Amino acid sequence: MVVSPEISRYNAEATREGAWEAYVQADRVHRTLYTDEQVFNEEMVKVFGHTWVYLAHESQLPEPNSFLSTKLGLRPIVVTRDRHGDLHAVFNRCAHRAATVCREEVGVAKSFQCPYHGWTFKNTGELVGAPWPQGYGADFDKSKLGLGKVTRVQSYRGFIFGTLSESAPSLPDYLGEAKPWLDYWIDRAPNGEVIVRSAAHRMGYRGNWKLAFDNGGDGYHPSFSHRSLLEMASRMGDSKDMSYFGKTPDDGPMKVYSLGNGHSVIDQRPNFEGPGSIWANQRPQPGREKFEELIRSKYPEDADRLLDVSAGAQINLSIFPNLLLIGNQIQVIEPLGVERTQLTWNATSIGGVPEEVNTMRMRTQEDFPAFGEPDDQANFEEVQRGLAVSEEEWILMNRGLNVDGWQTMDENGVIVTAVTDEIHMRGYYEEWLRLMNGEAK
Ligand code: FES
Ligand code: FE
(Lines give C-alpha, C1' and ligand atoms only; values in the text may rest on other atoms or scores of the structure.)
(Ligands and ions follow the chains in the order given, each with its own letter.)
Protein backbone atom coordinates (compact mmCIF):
# COMPACT_ATOMS: atom_id res chain seq x y z
CA MET A 1 0.00 0.00 0.00
CA VAL A 2 1.52 3.30 -1.09
CA VAL A 3 -0.01 6.27 0.65
CA SER A 4 0.97 9.85 1.30
CA PRO A 5 3.47 10.40 4.15
CA GLU A 6 0.81 11.94 6.37
CA ILE A 7 -1.29 8.81 6.22
CA SER A 8 1.65 6.48 6.90
CA ARG A 9 2.33 8.39 10.07
CA TYR A 10 -1.18 7.67 11.34
CA ASN A 11 -0.84 4.04 10.39
CA ALA A 12 1.88 3.70 12.97
CA GLU A 13 -0.77 4.23 15.62
CA ALA A 14 -2.75 1.20 14.49
CA THR A 15 -3.94 -0.84 17.41
CA ARG A 16 -4.59 -4.29 16.01
CA GLU A 17 -2.55 -4.37 12.82
CA GLY A 18 -2.57 -7.88 11.43
CA ALA A 19 -4.80 -9.21 14.19
CA TRP A 20 -8.19 -8.40 12.73
CA GLU A 21 -8.96 -11.96 11.67
CA ALA A 22 -9.95 -12.70 15.27
CA TYR A 23 -12.62 -10.03 15.02
CA VAL A 24 -13.93 -10.88 11.56
CA GLN A 25 -14.61 -14.58 11.16
CA ALA A 26 -16.35 -16.40 8.33
CA ASP A 27 -19.75 -16.29 10.01
CA ARG A 28 -19.51 -13.55 12.64
CA VAL A 29 -17.97 -10.23 13.59
CA HIS A 30 -17.00 -8.94 16.99
CA ARG A 31 -19.16 -6.35 18.75
CA THR A 32 -16.21 -4.03 19.37
CA LEU A 33 -16.04 -3.25 15.65
CA TYR A 34 -19.20 -1.23 16.36
CA THR A 35 -18.37 0.13 19.80
CA ASP A 36 -14.62 0.74 20.07
CA GLU A 37 -13.48 4.27 19.37
CA GLN A 38 -9.98 3.16 18.41
CA VAL A 39 -11.41 0.86 15.77
CA PHE A 40 -13.50 3.73 14.47
CA ASN A 41 -10.52 6.09 14.32
CA GLU A 42 -8.54 3.51 12.42
CA GLU A 43 -11.40 2.93 10.00
CA MET A 44 -11.57 6.65 9.29
CA VAL A 45 -7.95 6.54 8.15
CA LYS A 46 -7.87 3.21 6.37
CA VAL A 47 -11.34 2.38 5.11
CA PHE A 48 -12.28 6.01 4.41
CA GLY A 49 -8.97 6.91 2.84
CA HIS A 50 -7.36 3.85 1.30
CA THR A 51 -10.21 2.89 -0.98
CA TRP A 52 -12.51 4.80 -3.33
CA VAL A 53 -15.07 6.75 -1.32
CA TYR A 54 -18.09 8.40 -2.92
CA LEU A 55 -17.82 12.19 -2.60
CA ALA A 56 -20.46 13.90 -4.72
CA HIS A 57 -22.40 13.79 -7.94
CA GLU A 58 -21.22 15.92 -10.84
CA SER A 59 -24.63 17.55 -11.19
CA GLN A 60 -23.99 19.15 -7.79
CA LEU A 61 -20.99 20.95 -9.36
CA PRO A 62 -22.54 22.01 -12.63
CA GLU A 63 -20.24 24.80 -13.84
CA PRO A 64 -16.56 25.78 -13.81
CA ASN A 65 -15.44 26.96 -10.35
CA SER A 66 -18.34 25.18 -8.58
CA PHE A 67 -17.56 23.62 -5.23
CA LEU A 68 -19.20 21.31 -2.70
CA SER A 69 -18.12 20.73 0.90
CA THR A 70 -18.15 17.16 2.11
CA LYS A 71 -15.96 14.71 4.02
CA LEU A 72 -13.60 11.84 3.39
CA GLY A 73 -14.16 9.89 6.58
CA LEU A 74 -13.76 12.59 9.21
CA ARG A 75 -11.57 14.81 7.02
CA PRO A 76 -13.47 17.86 5.82
CA ILE A 77 -12.84 18.32 2.11
CA VAL A 78 -14.00 20.54 -0.69
CA VAL A 79 -14.69 19.00 -4.08
CA THR A 80 -14.06 21.65 -6.71
CA ARG A 81 -14.12 22.24 -10.41
CA ASP A 82 -11.34 24.47 -11.69
CA ARG A 83 -11.92 27.11 -14.36
CA HIS A 84 -11.52 24.47 -17.07
CA GLY A 85 -14.15 22.25 -15.45
CA ASP A 86 -11.68 19.61 -14.18
CA LEU A 87 -12.44 18.00 -10.82
CA HIS A 88 -10.29 18.26 -7.68
CA ALA A 89 -10.71 17.59 -3.98
CA VAL A 90 -8.74 19.50 -1.36
CA PHE A 91 -8.62 19.17 2.40
CA ASN A 92 -10.74 21.89 3.97
CA ARG A 93 -7.96 22.67 6.39
CA CYS A 94 -5.95 25.86 6.32
CA ALA A 95 -2.20 25.46 5.99
CA HIS A 96 -1.77 28.16 8.65
CA ARG A 97 -3.50 26.96 11.81
CA ALA A 98 -5.94 24.37 10.51
CA ALA A 99 -9.23 26.28 10.35
CA THR A 100 -11.60 25.20 7.62
CA VAL A 101 -11.27 27.64 4.74
CA CYS A 102 -14.68 26.96 3.19
CA ARG A 103 -17.77 27.14 5.39
CA GLU A 104 -20.41 26.95 2.67
CA GLU A 105 -22.03 23.70 1.54
CA VAL A 106 -22.13 24.52 -2.17
CA GLY A 107 -21.35 27.49 -4.35
CA VAL A 108 -19.10 28.98 -6.99
CA ALA A 109 -15.68 30.35 -6.07
CA LYS A 110 -12.34 30.73 -7.80
CA SER A 111 -10.62 30.92 -4.44
CA PHE A 112 -11.26 30.48 -0.73
CA GLN A 113 -10.16 32.98 1.88
CA CYS A 114 -9.70 31.47 5.31
CA PRO A 115 -12.01 33.37 7.67
CA TYR A 116 -9.50 33.16 10.55
CA HIS A 117 -6.46 35.19 9.35
CA GLY A 118 -7.23 35.67 5.70
CA TRP A 119 -4.91 33.30 3.88
CA THR A 120 -6.26 32.77 0.37
CA PHE A 121 -6.12 29.58 -1.68
CA LYS A 122 -7.08 28.82 -5.29
CA ASN A 123 -9.86 26.29 -5.73
CA THR A 124 -7.16 23.87 -6.84
CA GLY A 125 -5.41 24.28 -3.47
CA GLU A 126 -2.40 26.55 -4.18
CA LEU A 127 -1.75 29.33 -1.68
CA VAL A 128 -2.32 32.69 -3.37
CA GLY A 129 -1.06 34.71 -0.44
CA ALA A 130 -1.05 35.50 3.26
CA PRO A 131 -1.93 38.98 4.54
CA TRP A 132 0.98 41.29 5.41
CA PRO A 133 3.78 39.08 4.12
CA GLN A 134 6.48 41.25 5.69
CA GLY A 135 5.78 39.26 8.85
CA TYR A 136 7.32 36.12 7.37
CA GLY A 137 10.99 35.35 6.84
CA ALA A 138 12.82 34.45 3.64
CA ASP A 139 12.02 30.75 4.15
CA PHE A 140 8.28 31.33 3.76
CA ASP A 141 7.59 29.23 0.67
CA LYS A 142 4.11 29.71 -0.72
CA SER A 143 4.49 26.74 -3.03
CA LYS A 144 4.70 24.42 0.02
CA LEU A 145 1.73 25.89 1.86
CA GLY A 146 -1.21 24.98 -0.34
CA LEU A 147 -4.23 22.99 0.80
CA GLY A 148 -3.57 19.26 0.99
CA LYS A 149 -5.04 17.29 -1.87
CA VAL A 150 -7.04 14.12 -2.18
CA THR A 151 -4.53 12.67 -4.56
CA ARG A 152 -6.92 10.72 -6.76
CA VAL A 153 -10.33 12.02 -7.76
CA GLN A 154 -12.25 10.30 -10.51
CA SER A 155 -15.78 10.31 -11.81
CA TYR A 156 -17.71 7.36 -13.17
CA ARG A 157 -20.61 8.63 -15.27
CA GLY A 158 -21.22 11.53 -12.88
CA PHE A 159 -20.45 9.75 -9.60
CA ILE A 160 -17.31 11.36 -8.12
CA PHE A 161 -15.07 9.26 -5.88
CA GLY A 162 -11.77 10.04 -4.17
CA THR A 163 -8.98 8.09 -2.50
CA LEU A 164 -5.65 8.85 -0.85
CA SER A 165 -4.20 5.53 -1.93
CA GLU A 166 -1.79 5.47 -4.84
CA SER A 167 -2.07 1.71 -5.13
CA ALA A 168 -5.86 1.37 -5.24
CA PRO A 169 -7.04 0.07 -8.63
CA SER A 170 -8.60 2.47 -11.12
CA LEU A 171 -12.13 3.54 -10.19
CA PRO A 172 -13.76 1.46 -12.96
CA ASP A 173 -11.78 -1.57 -11.76
CA TYR A 174 -12.83 -0.91 -8.18
CA LEU A 175 -16.48 -0.65 -9.15
CA GLY A 176 -15.93 -3.86 -11.11
CA GLU A 177 -19.06 -6.01 -11.23
CA ALA A 178 -21.09 -3.19 -9.66
CA LYS A 179 -20.63 -1.20 -12.88
CA PRO A 180 -23.39 -2.88 -14.96
CA TRP A 181 -25.84 -2.28 -12.09
CA LEU A 182 -24.80 1.36 -11.82
CA ASP A 183 -25.14 1.61 -15.60
CA TYR A 184 -28.67 0.18 -15.43
CA TRP A 185 -29.56 2.73 -12.74
CA ILE A 186 -28.11 5.64 -14.75
CA ASP A 187 -29.51 4.44 -18.08
CA ARG A 188 -33.07 4.59 -16.81
CA ALA A 189 -32.55 8.17 -18.01
CA PRO A 190 -32.89 7.86 -21.79
CA ASN A 191 -29.97 10.28 -22.25
CA GLY A 192 -27.97 8.97 -19.28
CA GLU A 193 -28.34 12.24 -17.41
CA VAL A 194 -28.94 12.06 -13.65
CA ILE A 195 -29.51 15.29 -11.73
CA VAL A 196 -29.19 15.49 -7.96
CA ARG A 197 -31.85 17.86 -6.63
CA SER A 198 -30.65 20.76 -4.57
CA ALA A 199 -31.86 19.91 -1.08
CA ALA A 200 -31.05 16.69 0.73
CA HIS A 201 -33.07 14.68 3.21
CA ARG A 202 -30.84 14.03 6.21
CA MET A 203 -31.31 11.84 9.24
CA GLY A 204 -28.90 11.14 12.05
CA TYR A 205 -28.86 8.02 14.22
CA ARG A 206 -27.12 6.94 17.38
CA GLY A 207 -25.25 3.98 15.98
CA ASN A 208 -22.16 2.88 14.08
CA TRP A 209 -21.90 3.66 10.35
CA LYS A 210 -21.57 -0.03 9.41
CA LEU A 211 -25.11 -0.72 10.64
CA ALA A 212 -26.38 1.16 7.59
CA PHE A 213 -24.13 -0.88 5.31
CA ASP A 214 -25.19 -4.12 7.03
CA ASN A 215 -28.75 -3.20 6.15
CA GLY A 216 -28.25 -1.93 2.59
CA GLY A 217 -28.10 -5.43 1.10
CA ASP A 218 -30.34 -7.09 3.69
CA GLY A 219 -33.37 -8.78 2.15
CA TYR A 220 -34.15 -10.57 5.42
CA HIS A 221 -35.57 -7.66 7.43
CA PRO A 222 -38.26 -5.97 5.27
CA SER A 223 -41.08 -8.32 6.10
CA PHE A 224 -40.57 -7.69 9.83
CA SER A 225 -39.03 -4.24 10.07
CA HIS A 226 -41.31 -2.63 7.50
CA ARG A 227 -44.43 -4.53 8.52
CA SER A 228 -46.62 -1.46 8.85
CA LEU A 229 -45.63 -0.29 5.38
CA LEU A 230 -46.23 -3.73 3.87
CA GLU A 231 -49.57 -4.07 5.62
CA MET A 232 -50.63 -0.73 4.24
CA ALA A 233 -49.52 -1.86 0.76
CA SER A 234 -51.41 -5.14 1.13
CA ARG A 235 -54.60 -3.28 1.93
CA MET A 236 -54.23 -1.56 -1.44
CA GLY A 237 -53.91 -4.80 -3.41
CA ASP A 238 -52.04 -8.04 -3.37
CA SER A 239 -48.87 -7.30 -5.28
CA LYS A 240 -48.02 -3.74 -4.25
CA ASP A 241 -44.38 -2.72 -4.19
CA MET A 242 -42.29 -4.62 -1.59
CA SER A 243 -45.17 -6.76 -0.33
CA TYR A 244 -43.35 -9.71 -1.94
CA PHE A 245 -40.75 -9.45 0.83
CA GLY A 246 -43.39 -10.75 3.21
CA LYS A 247 -44.00 -14.06 1.44
CA THR A 248 -41.10 -16.44 2.03
CA PRO A 249 -38.90 -14.31 -0.19
CA ASP A 250 -36.25 -17.04 -0.55
CA ASP A 251 -38.68 -19.02 -2.73
CA GLY A 252 -39.38 -16.03 -4.98
CA PRO A 253 -37.49 -14.75 -8.00
CA MET A 254 -35.65 -11.95 -6.16
CA LYS A 255 -31.93 -12.48 -5.68
CA VAL A 256 -28.97 -10.87 -3.96
CA TYR A 257 -25.67 -10.63 -5.82
CA SER A 258 -22.27 -10.45 -4.16
CA LEU A 259 -20.29 -8.31 -6.59
CA GLY A 260 -16.78 -8.29 -5.11
CA ASN A 261 -14.76 -5.42 -3.55
CA GLY A 262 -17.44 -5.16 -0.84
CA HIS A 263 -20.27 -4.28 -3.24
CA SER A 264 -23.64 -6.06 -3.45
CA VAL A 265 -27.08 -5.62 -4.95
CA ILE A 266 -30.62 -6.82 -4.30
CA ASP A 267 -32.54 -7.19 -7.54
CA GLN A 268 -36.26 -6.72 -6.97
CA ARG A 269 -37.06 -6.46 -10.67
CA PRO A 270 -37.94 -10.15 -11.23
CA ASN A 271 -41.04 -9.51 -9.11
CA PHE A 272 -42.41 -7.44 -11.97
CA GLU A 273 -43.44 -8.72 -15.34
CA GLY A 274 -43.59 -6.73 -18.54
CA PRO A 275 -43.73 -3.03 -19.40
CA GLY A 276 -45.77 -0.94 -17.00
CA SER A 277 -45.67 -3.54 -14.24
CA ILE A 278 -43.34 -1.57 -11.95
CA TRP A 279 -45.69 1.40 -12.15
CA ALA A 280 -48.81 -0.72 -11.74
CA ASN A 281 -47.51 -2.13 -8.46
CA GLN A 282 -46.47 1.10 -6.78
CA ARG A 283 -47.89 2.07 -3.44
CA PRO A 284 -50.41 4.96 -3.46
CA GLN A 285 -49.01 8.37 -4.34
CA PRO A 286 -50.71 11.75 -4.39
CA GLY A 287 -51.90 12.55 -7.92
CA ARG A 288 -51.10 9.09 -9.23
CA GLU A 289 -54.30 8.43 -11.18
CA LYS A 290 -54.37 11.85 -12.87
CA PHE A 291 -50.72 11.50 -13.74
CA GLU A 292 -51.21 8.13 -15.40
CA GLU A 293 -54.13 9.49 -17.40
CA LEU A 294 -52.02 12.40 -18.59
CA ILE A 295 -49.03 10.25 -19.59
CA ARG A 296 -51.23 7.72 -21.41
CA SER A 297 -53.04 10.42 -23.36
CA LYS A 298 -49.97 12.53 -24.20
CA TYR A 299 -47.50 9.72 -24.92
CA PRO A 300 -49.61 6.68 -25.83
CA GLU A 301 -46.75 4.82 -27.55
CA ASP A 302 -44.28 5.34 -24.74
CA ALA A 303 -46.55 5.44 -21.68
CA ASP A 304 -45.52 2.19 -19.97
CA ARG A 305 -41.83 3.03 -20.13
CA LEU A 306 -42.39 6.57 -18.85
CA LEU A 307 -44.58 5.30 -16.03
CA ASP A 308 -42.00 2.69 -15.04
CA VAL A 309 -39.19 5.27 -14.78
CA SER A 310 -41.48 7.46 -12.65
CA ALA A 311 -41.33 4.69 -10.05
CA GLY A 312 -38.23 3.41 -8.25
CA ALA A 313 -35.37 1.52 -9.93
CA GLN A 314 -36.18 -1.68 -7.98
CA ILE A 315 -32.57 -2.36 -7.13
CA ASN A 316 -30.68 -1.76 -3.88
CA LEU A 317 -27.06 -1.28 -4.89
CA SER A 318 -24.47 -1.00 -2.11
CA ILE A 319 -21.07 0.34 -3.11
CA PHE A 320 -18.55 -0.04 -0.30
CA PRO A 321 -18.00 1.87 1.91
CA ASN A 322 -20.51 4.72 1.79
CA LEU A 323 -22.80 4.73 -1.25
CA LEU A 324 -26.25 3.12 -1.38
CA LEU A 325 -28.54 3.48 -4.38
CA ILE A 326 -32.05 2.81 -3.12
CA GLY A 327 -34.95 3.28 -5.50
CA ASN A 328 -34.15 6.52 -7.32
CA GLN A 329 -32.21 7.94 -4.39
CA ILE A 330 -28.53 8.30 -3.73
CA GLN A 331 -27.95 7.61 -0.06
CA VAL A 332 -24.62 8.52 1.50
CA ILE A 333 -23.41 7.10 4.82
CA GLU A 334 -21.46 9.67 6.79
CA PRO A 335 -19.71 8.44 9.93
CA LEU A 336 -19.62 11.10 12.64
CA GLY A 337 -18.36 9.08 15.59
CA VAL A 338 -18.20 5.45 16.68
CA GLU A 339 -21.87 5.57 17.71
CA ARG A 340 -23.06 8.48 15.59
CA THR A 341 -23.90 8.49 11.87
CA GLN A 342 -25.64 10.74 9.41
CA LEU A 343 -27.50 9.46 6.38
CA THR A 344 -28.11 11.79 3.47
CA TRP A 345 -30.68 10.97 0.82
CA ASN A 346 -30.39 12.86 -2.43
CA ALA A 347 -33.43 12.71 -4.66
CA THR A 348 -32.68 12.58 -8.37
CA SER A 349 -34.34 13.67 -11.61
CA ILE A 350 -33.42 12.32 -14.99
CA GLY A 351 -32.87 13.89 -18.39
CA GLY A 352 -34.59 12.95 -21.64
CA VAL A 353 -38.10 12.55 -20.18
CA PRO A 354 -41.09 14.92 -20.03
CA GLU A 355 -41.04 17.16 -16.95
CA GLU A 356 -44.20 15.51 -15.58
CA VAL A 357 -42.21 12.31 -15.13
CA ASN A 358 -39.72 14.06 -12.89
CA THR A 359 -42.51 15.62 -10.88
CA MET A 360 -43.94 12.15 -10.23
CA ARG A 361 -40.46 10.80 -9.44
CA MET A 362 -40.28 13.34 -6.63
CA ARG A 363 -43.55 12.01 -5.21
CA THR A 364 -42.16 8.47 -5.45
CA GLN A 365 -39.04 9.56 -3.58
CA GLU A 366 -41.08 10.95 -0.71
CA ASP A 367 -42.41 7.48 -0.02
CA PHE A 368 -39.67 5.24 1.35
CA PRO A 369 -37.48 7.84 3.13
CA ALA A 370 -40.57 8.98 5.03
CA PHE A 371 -42.37 5.64 5.61
CA GLY A 372 -39.61 3.03 5.52
CA GLU A 373 -36.28 4.52 6.52
CA PRO A 374 -37.36 5.44 10.07
CA ASP A 375 -37.95 1.70 10.66
CA ASP A 376 -34.39 0.99 9.60
CA GLN A 377 -32.91 3.77 11.69
CA ALA A 378 -34.84 2.59 14.75
CA ASN A 379 -33.23 -0.82 14.22
CA PHE A 380 -29.75 0.70 13.92
CA GLU A 381 -30.22 2.46 17.26
CA GLU A 382 -31.65 -0.64 18.91
CA VAL A 383 -28.73 -2.77 17.65
CA GLN A 384 -26.34 -0.23 19.11
CA ARG A 385 -28.22 -0.39 22.43
CA GLY A 386 -28.04 -4.20 22.36
CA LEU A 387 -24.32 -4.05 21.73
CA ALA A 388 -23.82 -2.56 25.18
CA VAL A 389 -24.08 -6.13 26.53
CA SER A 390 -20.35 -6.74 26.61
CA GLU A 391 -20.77 -10.39 27.69
CA GLU A 392 -22.42 -11.27 24.36
CA GLU A 393 -19.62 -10.76 21.91
CA TRP A 394 -20.76 -11.66 18.42
CA ILE A 395 -22.88 -10.36 15.58
CA LEU A 396 -23.86 -13.18 13.25
CA MET A 397 -23.78 -12.98 9.48
CA ASN A 398 -24.18 -16.71 8.84
CA ARG A 399 -27.52 -16.90 7.06
CA GLY A 400 -27.02 -18.64 3.72
CA LEU A 401 -23.55 -19.92 4.63
CA ASN A 402 -23.18 -23.56 3.61
CA VAL A 403 -26.84 -23.86 2.62
CA ASP A 404 -27.25 -26.38 -0.17
CA GLY A 405 -28.63 -25.07 -3.41
CA TRP A 406 -28.67 -21.36 -2.60
CA GLN A 407 -25.47 -20.00 -4.15
CA THR A 408 -24.25 -20.11 -7.71
CA MET A 409 -21.25 -18.30 -9.13
CA ASP A 410 -21.05 -16.88 -12.63
CA GLU A 411 -17.95 -16.73 -14.85
CA ASN A 412 -16.98 -13.32 -13.37
CA GLY A 413 -17.01 -14.58 -9.79
CA VAL A 414 -20.33 -12.90 -8.94
CA ILE A 415 -22.26 -15.04 -6.45
CA VAL A 416 -26.04 -15.08 -6.83
CA THR A 417 -28.10 -16.35 -3.93
CA ALA A 418 -31.43 -16.21 -2.10
CA VAL A 419 -32.43 -12.70 -1.14
CA THR A 420 -32.17 -13.24 2.64
CA ASP A 421 -28.60 -14.55 2.43
CA GLU A 422 -26.28 -12.42 4.58
CA ILE A 423 -23.61 -12.69 1.91
CA HIS A 424 -23.59 -8.90 1.51
CA MET A 425 -22.10 -8.61 5.01
CA ARG A 426 -19.58 -11.39 4.53
CA GLY A 427 -18.58 -9.78 1.24
CA TYR A 428 -17.95 -6.30 2.55
CA TYR A 429 -16.18 -7.52 5.70
CA GLU A 430 -13.69 -9.28 3.46
CA GLU A 431 -12.88 -5.92 1.90
CA TRP A 432 -12.90 -4.21 5.31
CA LEU A 433 -10.41 -6.78 6.60
CA ARG A 434 -8.12 -6.27 3.64
CA LEU A 435 -8.10 -2.51 4.15
CA MET A 436 -7.64 -2.66 7.93
CA ASN A 437 -4.74 -5.08 7.46
CA GLY A 438 -3.16 -2.65 5.00
CA GLU A 439 -3.05 -5.28 2.27
CA ALA A 440 -2.68 -4.15 -1.32
CA LYS A 441 -5.03 -5.42 -4.00
FE1 FES B 1 -6.38 30.05 8.22
FE2 FES B 1 -5.04 31.35 10.07
S3 FES B 1 -6.01 29.44 10.25
S4 FES B 1 -5.46 31.94 8.06
FE1 FE C 1 -35.17 -1.47 5.39
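Remember, it's a predicted structure, so these values are computed and weren't measured experimentally. (Residues numbered from 1 in each chain as written. Chains lettered and ligands numbered in written order. Predicted model: local features only at pLDDT ≥ 70, side-chain atom pairs only at ≥ 80, totals over all residues.)

Topic: unusual backbone geometry
Link 1 in the chain: Residue P321 follows F320 across a cis peptide bond; omega there is 5°.
Link 2 in the chain: With respect to the helices and strands, P321 occurs in the loop between β16 (315-319) and β17 (323-326).
Link 3 in the chain: You will see that N402, though not glycine, has its phi angle at about 60°, which is positive.
Link 4 in the chain: When you line up the elements, N402 lands in the loop between β21 (394-396) and β22 (408-409).
Link 5 in the chain: Overall, N402 belongs to the exposed group, with 9 C-beta atoms counted inside 10 Å. (Helix = DSSP H or I, 4+ residues; strand = E, 2+ residues; numbered from the N terminus. Buried ≥ 20, exposed ≤ 12 C-beta atoms within 10 Å, placed from the backbone.)

Comments concerning the nonpolar core
Link 1 in the chain: Grouped together as the largest cluster of nonpolar side chains are 94 residues, with contacts concentrated most on Y54, L55, I77, V79, A89 and L317.
Link 2 in the chain: In terms of residues, this core owes the most to one element, helix α14 (residues 423-436), which gives seven residues.
Link 3 in the chain: Both domain 1 (54-156) and domain 2 (175-436) contribute no fewer than three residues apiece to this core.
Link 4 in the chain: Beyond its immediate stretch of four places on either side in the chain, I77 contacts T70, K71, L72, A89, V90, F91, N92 and V150.
Link 5 in the chain: In this structure, W279, L307, A311 and V353 belong to the second largest nonpolar core, which totals 11 residues. (Core = buried A, V, L, I, M, F, W, Y, C linked by C-beta atoms within 7 Å. Domains from an automatic or database assignment. Contact = placed C-beta atoms within 7 Å.)

Remarks on the pairing of strand β10 (residues 152-156)
Link 1 in the chain: Bridging between β10 and strand β11 (residues 159-163) involves five bridges; their strand directions are antiparallel. In the strand pairing of β11, V153 is matched with G162. (Pairing = 2+ DSSP bridges.)

Concerning the sheet that holds strand β7 (residues 111-113)
Link 1 in the chain: With antiparallel pairing, the three strands of this open sheet are ordered in space as β7-β8-β9. Of all strands in the sheet, those with a lone pairing partner are β7 and β9 (127-129), marking the two edges. Put simply, the sheet's adjacent strands are angled 30° from each other on average, direction ignored.
Link 2 in the chain: Bridge count for strand β8 (residues 120-122) against β9 is two bridges, and the pairing is antiparallel. By the bridge assignment for β9, F121 is matched with L127. (Axes fitted to C-alpha atoms, helices over the stretch in contact; angles between N-to-C directions.)

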